[in-house]
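# Examining the three-dimensional arrangement
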Amino acid sequence: MKNDLKKYLDKKVDEYNQPFFIKDDPISIPHLFTKKQDIEIAGFFASIFAWGNRTTIINKSNELFALMDNAPHDFCLNEDLTRLKKLLQFKHRTFNATDLLYFIEFLKTHYSTYDSLEDAFIKDIPKAMLKKENLIEIALNNFYAYFFSLEDAPSRTHKHIAAPDKNSTCKRLNMYLRWMVRNDNKGVDFGIWKKISPSQLICPIDVHVARVSRHFNLLQRKQTDWQAAIELTTYLRTLDAADPAKYDFALFGMGVSEKGNY
């Protein structure tokens, strides 16, 4: 039975893990860039904006990067008052200019010291812990603390960065980590981060993924929270221990495109 399910889900992964998937998905935004840091920043904002209508997410991301002259790394490192003023009218749902200016301040601070945003997730984590299966839980909590470590972090901005300690699914950040870490040469995920292993990733879970997962009995938990993400990923590791998050393509693809016809 499990073998049949694995074959079916693997087939669905292959079906959706294709370049055609990119254009209607927020992952299209980092694909507009070639410089590593631009890909990281574009992916970060696109994932943070990723709730609601996907067309709106893509349009708002494009609007933001146009304001950054389509060079987000350079913009964050060299922001000045004149350039920042262009951002004051930006808004996406509950994400406003106050949040945006803090995000840019954080990115400037981080990239002034580090070459990659990957370090924001794993800095200060002991080397022995980097090989642990539960690295992502530690890394996401670590990132939350580091992100809001600047003196003037607005309290309103905290809601835009999730953390397992708050029992959030952390769907958007897990999706971002999938984009940056997975590398299967299919042309969708980037695989530009090497310190985190694909085997450690947590499958992003939202209402679509949760619904399909419960349909196939991959997930028993009623609440869709961090524990549900762990339960689902634990099952997915029994199907592919090296790359459990690849099944996000199958579960999300079926949830959005097949509307129960699976």
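Residues numbered from 1 in each chain as written. Predicted model: local features only at pLDDT ≥ 70, side-chain atom pairs only at ≥ 80, totals over all residues. Heavy atoms only, no water.

### Some details on the packing of aromatic side chains
Counted under the stated rule, the structure contains 27 aromatic pairs. On the basis of an interplanar angle of 85 degrees and a centroid distance of 5.1 Å, the ring pair of phenylalanine 95 and phenylalanine 103 is categorised as edge-to-face. Side by side, phenylalanine 95 and phenylalanine 103 carry an identical accessibility label, which is buried. Where phenylalanine 147 meets phenylalanine 148, the ring centres are 5.0 Å apart and the plane angle is 80 degrees; that geometry is what we call edge-to-face. The burial state of phenylalanine 147 is the same as that of phenylalanine 148; both residues are buried. (Phe/Tyr/Trp six-rings, centres within 6.5 Å; stacked < 30°, edge-to-face > 60°. Buried < 20%, exposed > 50% of the residue type's maximum accessible area, 1.4 Å probe, protein only.)

### A look at the pattern of salt bridges
Pairing of side chains with opposite charge becomes possible as their charged atoms draw close. Taken as a whole and judged by the stated rule, the model has 22 salt bridges. In this structure, the salt-bridge partner of lysine 23 is aspartate 24, at a minimum N-O distance of 3.0 Å. Owing to a relative accessible area of 60%, lysine 23 belongs among the exposed residues under this scheme. The partner of arginine 54 in a salt bridge is aspartate 25, and the shortest N-O contact between them spans 3.3 Å. Of the two residues, arginine 54 sits in helix α3 (residues 54-67) while aspartate 25 sits in the loop between α1 (2-16) and α2 (36-48), which places them 29 residues apart along the sequence. Via salt bridges that share partners, Arg178, Arg182, Asp184, Asp189, Asp243 and Asp248 belong to a single interconnected network. (Salt bridge = Lys/Arg side-chain N within 4 Å of Asp/Glu carboxyl O. Helix = DSSP H or I, 4+ residues; strand = E, 2+ residues; numbered from the N terminus.)

### Details of the side chain of aspartate 189
Note on placement: aspartate 189 falls in the loop between α9 (171-181) and α10 (207-215). Within the structure, the side chain of aspartate 189 is placed 2.9 Å from the side chain of arginine 178, a separation counted as a polar contact. A distance of 2.7 Å separates the side chain of aspartate 189 from the side chain of arginine 182, its partner in a polar contact. Residues within four places of aspartate 189 in sequence aside, it is in contact with Ile27, Arg178, Trp179, Arg182 and Phe249. (Polar contact = N/O pair within 3.5 Å; in protein donor to acceptor, adjacent residues only side chain to side chain. Contact = heavy atoms within 4.5 Å.)

### Observations concerning the packing of helix α8 (residues 135-147) against α9
The interhelical angle for the contact between α8 and α9, taken along N-to-C directions, is 110 degrees, at an axis separation of 12 Å. Taken together, α8 and α9 sit at an angle that is classed as roughly perpendicular. α8 and α9 meet at a crossing whose hand is right-handed. Contact residues: α8 offers Ile136, Leu140 and Phe143, while α9 offers Leu173, Asn174 and Leu177. (Axes fitted to C-alpha atoms, helices over the stretch in contact; angles between N-to-C directions. Parallel < 35°, antiparallel > 145°, perpendicular 65-115°, else oblique. Left-handed = near helix turned anticlockwise from the far one by under 90°.)

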